[in-house]
Amino acid sequence: MRHGNKNNHLGRTTSHRKAMLANMATSLILHKRITTTLAKAKVLRGYVEPLLTKSKSDTTHSRRIVFSYLQDKDAVTILFREIAEKIATRPGGYTRIIKLENRLGDNAEMAMIELVDYNTVYGVDTAAAAKKSTRRRGASAKAKTAAPVAAEEAVVAEEVKEAPVAETEAPATPEAEEKGE
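Rules used in this analysis
- Residues numbered from 1 in each chain as written.
- Predicted model: local features only at pLDDT ≥ 70, side-chain atom pairs only at ≥ 80, totals over all residues.
- Heavy atoms only, no water.
- Core = buried A, V, L, I, M, F, W, Y, C linked by side-chain atoms within 4.5 Å.
- Buried < 20%, exposed > 50% of the residue type's maximum accessible area, 1.4 Å probe, protein only.
- Helix = DSSP H or I, 4+ residues; strand = E, 2+ residues; numbered from the N terminus.
- Expected span 1.5 Å × (residues − 1).
- Bend = angle between axes of the 7 residues up to and from the residue.
- Pairing = 2+ DSSP bridges.
- Axes fitted to C-alpha atoms, helices over the stretch in contact; angles between N-to-C directions.
- Contact = heavy atoms within 4.5 Å.
- Phe/Tyr/Trp six-rings, centres within 6.5 Å; stacked < 30°, edge-to-face > 60°.
- Lys NZ or Arg CZ within 6 Å of the ring centre and 35° of its normal.
- Salt bridge = Lys/Arg side-chain N within 4 Å of Asp/Glu carboxyl O.

**Points about the nonpolar core**
Line of reasoning, step 1. Leu44, Leu52, Leu70 and Ile83 are the most contacted members of the largest nonpolar core, which totals 30 residues.
Line of reasoning, step 2. At eight residues, helix H2 (residues 38–54) tops the list of elements feeding residues into this core.

What follows is the structure, given as C-alpha cells:
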C-alpha cells in the first residue's frame, strides 16, 4: 500500500527520474523558461525551488550541494551569479507554471515553467504603471509648469556649450601631408 506517498514518479525508475529532473532543472536555469508536460512541470517545481533557495547563500557547501543535484558547472555558475541576485529579496515562489494547449500527438496537458524574475513577455505594463505615482499635496500649479521650462533651458544650454568647436583643416591627400601643406 502507498499510504502517504504523494510524490509523482512519472512512470520512471528512480535513477531515470533523477537524471531527467536534473536535466530539466539545468535547462530551466540556462534558458529561464522551458515547455514540458504539466505533470513534469509540477514535479520540477518541487525539485528546483529548494536549489534556488540554496543559491541565495553563496558558500562552498551550498555550491557543492547544488552541484550534486545538477551535475553541470555552467548551470551552477549562472545560478549563483545571475539568478541568486535577482531572487535575493523574494521569499519563495521562484517559478511560475502556465498551462498551454494540449499536445497534438497524444493530447497531453502541456505547460510552460519559467523563472518569475525573468519574465519578458507579459506584465511589463503593470510594472510601469506601479512606478507611476501621483502626489496630491506637494507642489503647486506654478512649480509644475515652471519645471519643464527649466529643463528645456538646461538642454538648450548644453547644446550651446557643445556647438563652438575649433575647426582645423586637415590635409586632403597623403601627398599633401608629406609635403606639409
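**Some thoughts on H2**
Line of reasoning, step 1. Helix length check: H2, at 17 residues, gives a terminal C-alpha distance of 25 Å against a target of 24 Å (1.5 Å per residue), a fit within 8%.
Line of reasoning, step 2. Within H2, the axis deviates most sharply at Arg45, by approximately 25°.
Line of reasoning, step 3. Buried within H2 we find Leu38, Ala41, Val43, Leu44, Tyr47, Val48, Glu49, Leu51 and Leu52.

**A word on the sheet that holds strand E1 (residues 33–37)**
Line of reasoning, step 1. Reading across from one edge, E1-E3-E2 is the order of the three strands in this open sheet, with antiparallel pairing throughout. The open sheet is flanked by E1 and strand E2 (95–99), the only strands paired with a single partner. Sheet twist, expressed as the average angle between the axes of neighbouring strands with direction ignored, equals 25°.
Line of reasoning, step 2. As paired strands, E2 and strand E3 (residues 110–115) are joined by five bridges and run antiparallel to one another. Each bridged residue has a counterpart across the sheet, and for Arg96 the counterpart in E3 is Glu114.
Line of reasoning, step 3. Those strands touched by helix H1 (residues 14–31) are E1, E2 and E3, and its axis lies near 145° from that of E1.

**Quick look at the packing of aromatic side chains**
Line of reasoning, step 1. Within this structure, the stated rule accounts for one aromatic pair.
Line of reasoning, step 2. Above the plane of the ring of Tyr118 lies Lys32, whose end atom (NZ or CZ) is 5.0 Å from the centre.
Line of reasoning, step 3. Of note, Lys86 hangs over the ring of Tyr118, and the distance from its end group to the ring centre comes to 4.5 Å.

**Considerations on unusual backbone geometry**
Line of reasoning, step 1. Of note in the backbone geometry, Lys32 takes a positive phi value of approximately 70° without being a glycine.
Line of reasoning, step 2. For Lys32, the location among the structural elements is in the loop between H1 and E1.
Line of reasoning, step 3. Under the relative-accessibility criterion, Lys32 is labelled buried at 15%.
Line of reasoning, step 4. Of note, Asn107 is a non-glycine position whose phi angle comes to about 60°, a positive value.
Line of reasoning, step 5. One can find Asn107 in the loop between E2 and E3.
Line of reasoning, step 6. Accessibility expressed as a relative area gives 53% for Asn107, which makes it exposed.

**Focus: the pattern of salt bridges**
Line of reasoning, step 1. Across all of its chains, the model carries five salt bridges by this definition.
Line of reasoning, step 2. Between Arg96 and Glu114 there is a salt bridge; the shortest N-O distance is 2.7 Å. Highlighted residues: Arg96 in strand E2 and Glu114 in strand E3, separated in sequence by 18 residues.
Line of reasoning, step 3. Among the residues examined, Glu114 registers a relative accessible area of 1% and is labelled buried.
Line of reasoning, step 4. Taken together, the shared-partner salt bridges in this structure form one network comprising Arg33, Arg96 and Glu114.

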